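What follows is each chain in one-letter form.
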Amino acid sequence: RHEQAVQAYERAIALDKDDAAVWEHLGRSWVALNRFGKALTAFETSARLKPDEARTYLRMGRVLAALRQTDKAIDVLKHAIRLLPDYVSAHIALGEIYRDAARYDEAVVELKAALALSAKNSDALMALGMLHVKRGEKDAAYEVLRALQAVDTTRGAKLSDAIFRM
């Protein structure tokens, strides 16, 4: 299915190379196929054509992280947040990248920014809970677990398991 989508988007691009939305969709299809290098090229082209679209930068940042280009991913996600300061998903993605890079204090700042914008966001709660697990902060992880279980019992169970394995 995604292979067919790639072919359709490539045909559309052959007709109009300046359609940022088509490049964006092509990038998303490449991500679904785990072809991150091709996805990055598509997102970069989309961003060049429509530089004020924060969602493109979010997706580009995630792809860069998957490609282990952490510093570039951080820069791109910060740009997404500059474009759209209330972009919860970008704050979460940046927090997760900081967490994975062992930049814990910066991760906490971003994840708390996401929760300040959307207090019951299960993605932000899960990311913050896993950050506390990674840091060995059992009490803080339990506190996040209580909030997460109130909004998403499935993810609450996953965080609970991670805490139990600490």
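The structure we're discussing is the one just above.
Residues numbered from 1 in each chain as written. Predicted model: local features only at pLDDT ≥ 70, side-chain atom pairs only at ≥ 80, totals over all residues. Heavy atoms only, no water.

Considerations on helix α8 (residues 122-135)
Residues spaced three or four apart along an α-helix point in a common direction, a consequence of the helix completing one turn every 3.6 residues. Spelled out, the test is: For helices the rule is a DSSP run of H or I covering at least 4 residues; for strands it is a run of E covering at least 2, with both sets numbered from the N terminus onward. In a helix, the anticipated span is given by 1.5 Å times the number of residues less one. Only protein chains enter the area calculation, which uses a 1.4 Å probe; residues under 20% of their type maximum are buried, those over 50% are exposed, and those in between are partly exposed. Contacts are assigned to residue pairs that have any heavy atoms within 4.5 Å of one another. Definition of a polar contact: a pair of N or O atoms within 3.5 Å, with one able to donate and the other able to accept a hydrogen when the atoms are protein atoms, and with sequence-neighbouring residues admitted only if both atoms are side-chain atoms.
End to end, α8 covers 20 Å across 14 residues, agreeing with the expected 20 Å (1.5 Å per residue, within 8%). Across the 14 residues that make up α8, a large majority, 10, are buried. The complete set of buried residues in α8 reads Ser122, Ala124, Leu125, Met126, Ala127, Leu128, Gly129, Leu131, His132 and Val133. Turning to α8, the residues buried within the fold contact α6 (88-100), α7 (104-117), α9 (138-151) and α10 (153-164). With a side-chain oxygen lying 2.9 Å from the backbone nitrogen of Asp123, the N-terminal cap of α8 falls on Asn121. Directly after α8, the chain includes Gly136, whose backbone phi takes a positive value near 75°.

Here's the deal with the pattern of salt bridges
Applied cut-off: Basic side-chain nitrogens of Lys or Arg form a salt bridge, by our definition, when they fall within 4 Å of a carboxyl oxygen of Asp or Glu.
The full count for this structure, using the stated rule, is eight salt bridges. A salt bridge links Glu24 to Arg59; its shortest N-O distance comes to 2.3 Å. On the criterion of sequence distance, the pair formed by Glu24 in helix α2 (residues 20-32) and Arg59 in helix α4 (residues 54-66) is long-range, its members being 35 residues apart. Owing to a relative accessible area of 8%, Glu24 belongs among the buried residues under this scheme.

Comments concerning α7
Taking 1.5 Å per residue as the helical rise, α7 with its 14 residues ought to reach 20 Å, and the 20 Å between its terminal C-alpha atoms agrees with that figure. For α7, the complete set of buried residues consists of Ala107, Val108, Glu110, Leu111, Ala114 and Leu115. Elements in contact with the buried residues of α7: α5 (70-83), α6 and α8.

A word on unusual backbone geometry
One non-glycine residue with positive phi stands out, namely Asn34, at about 60°. Tracing the backbone shows Asn34 in the loop between α2 and α3 (36-49). The exposure class of Asn34 is exposed, given its relative accessible area of 54%. Positive phi, close to 65°, is recorded for Arg68, a residue that is not glycine. Along the chain, Arg68 turns up in the loop between α4 and α5. The class of Arg68 is exposed, set by a relative accessible area of 72%.

Quick notes on the packing of α3 against α4
Using the following cut-off: Whenever a helix is involved, its axis is fitted only over the stretch in contact; in every case the axis is a line through C-alpha atoms, and angles between N-to-C directions fall within 0 to 180 degrees. The cut-offs work like this: below 35 degrees is roughly parallel, past 145 is roughly antiparallel, 65 to 115 is roughly perpendicular, and the gaps in between are oblique. Should the near helix be turned counterclockwise from the far one by less than a right angle, the crossing is left-handed, whereas a clockwise turn marks it as right-handed.
Two numbers describe how α3 lies on α4: the axes approach to 9 Å, and their chain directions differ by 155°. Classified by the angle their axes make, α3 and α4 are roughly antiparallel. With respect to the hand of their crossing, α3 and α4 are arranged in left-handed fashion. Here Phe36, Ala39, Leu40, Phe43, Glu44, Ser46 and Ala47 of α3 lie close against α4, whose contacting residues are Thr56, Tyr57, Arg59, Met60, Val63, Leu64 and Ala66.

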